[in-house]
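Below are the chains, spelled out letter by letter.
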Amino acid sequence: MSPDAWRLLDGRAERAGRSWTETKAALPVSERVRARVLAAMPFGVFVEIDGQPDALGLVEITTLPRGGELPAIGVFLDLVVVNHADHNWQVRLRPAIETAE
């Protein structure tokens, strides 16, 4: 990942820390969200969550379909909140699974 991408995430992490309490309240576990991919890393993708500009979301590679490439920067994903990582102010997400009715 480029140094520019790290700087982008550093700024977001700082903002995420300042608004962490509000972010957790607005994004409870099991909440469905839409998010745009900001950066790709070997372990997953960081995303910007719609309606929560200060939140920093992470979709770990282990939750993504196997054998595929990481989603491209700028792509929108439908996701579900899995948990909150208090130590680094990240909202952990996984792809939303559509169920047939």
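Structural notes, computed from the coordinates.

The rules we used
- Sequence order as written defines residue numbering, which begins from 1 separately in each chain.
- At least 70 in pLDDT is required for a residue's local features to be given in this predicted model, at least 80 for side-chain atom pairs to be given and counted, and no such filter applies to totals for whole chains, interfaces and linings, which use all residues.
- Hydrogen atoms and water are omitted, and side-chain values are computed over all heavy atoms in the structure.
- Buried means the residue's accessible area, taken with a 1.4 Å probe over protein chains only, is under 20% of the maximum for its type, while exposed means over 50%, and partly exposed covers the values in between.
- Strands are runs of DSSP state E lasting at least 2 residues, helices are runs of H or I lasting at least 4, and numbering of each runs from the N terminus.
- In this analysis, strands are considered paired if DSSP registers two or more bridges between them.
- Residues belong to a common nonpolar core when they are buried Ala, Val, Leu, Ile, Met, Phe, Trp, Tyr or Cys residues joined through side-chain atoms within 4.5 Å.
- A contact between two residues is defined here by any heavy atoms of the two lying within 4.5 Å.
- We count a salt bridge whenever a side-chain nitrogen from Lys or Arg sits within 4 Å of a carboxyl oxygen from Asp or Glu.
- Paired rings are identified among Phe, Tyr and Trp, the last through its six-membered ring, by centres lying within 6.5 Å, and are further divided according to the angle between planes into stacked (under 30 degrees), edge-to-face (over 60) and tilted (the rest).

Looking at the pairing of strand S2 (residues 44–49)
With respect to burial, S2 is a largely interior element, six of its six residues being buried. When strand S1 (residues 32–41) meets S2, the two strands line up antiparallel, connected through six bridges. Bridge assignment links Met41 to a residue of S2, and that residue is Gly44. Count of turn residues in the S1/S2 antiparallel hairpin: two residues. Where S2 and strand S3 (residues 52–60) come together, five bridges link them in antiparallel fashion. What sits directly across from Val45, in S3, is Val59. Connecting the antiparallel pair S2 and S3 is a turn made up of two residues, with Gly51 showing a positive phi of about 80 degrees.

Overview of the nonpolar core
Of all hydrophobic cores here, the largest spans 16 residues; its most connected members are Val47, Ile49, Leu79 and Leu93. Taken together, the elements giving at least two residues each to this core come down to S1, S2, S3, strand S4 (76–85) and strand S5 (90–95). If near-sequence neighbours (up to four positions away) are discounted, Val47 is found in contact with Ala35, Arg36, Val37, Leu38, Ala55, Leu56, Gly57, Leu58, Val59, Leu77, Leu79 and Leu93. In this structure, Leu9, Ala16, Phe46 and Leu58 belong to the second largest nonpolar core, which totals seven residues.

Quick look at the environment of Leu58
Following the sequence through the fold, Leu58 ends up in strand S3. Linking Leu58 and Glu48, residues ten residues apart in sequence, is a C-alpha distance of 9.0 Å. What Leu58 contacts, discounting residues up to four positions off in sequence, is Phe43, Val45, Phe46, Val47, Gln90, Val91, Arg92 and Leu93.

As for the pattern of salt bridges
The full count for this structure, using the stated rule, is six salt bridges. A salt bridge links Lys24 to Asp86; its shortest N-O distance comes to 3.0 Å. Of this pair, Lys24 sits in helix H2 (residues 20–26) while Asp86 is found in the loop between S4 and S5, placing the two residues 62 residues apart along the sequence. The partly exposed category is assigned to Lys24, whose relative accessible area is 31%. The class for Asp86 is partly exposed, based on a relative accessible area of 44%. We note a salt bridge from Glu48 to Arg36, for which the minimum N-O separation is 3.0 Å. Here the residue Glu48 occupies a position in strand S2, and Arg36 occupies one in strand S1, the gap between them amounting to twelve residues.

Notes on the packing of aromatic side chains
Going through the model one piece at a time under the given rule, you end up with one aromatic pair. Aromatic side chains Phe43 and Phe46 sit 6.0 Å apart centroid to centroid with 90 degrees between the ring planes, which places their arrangement in the edge-to-face category.

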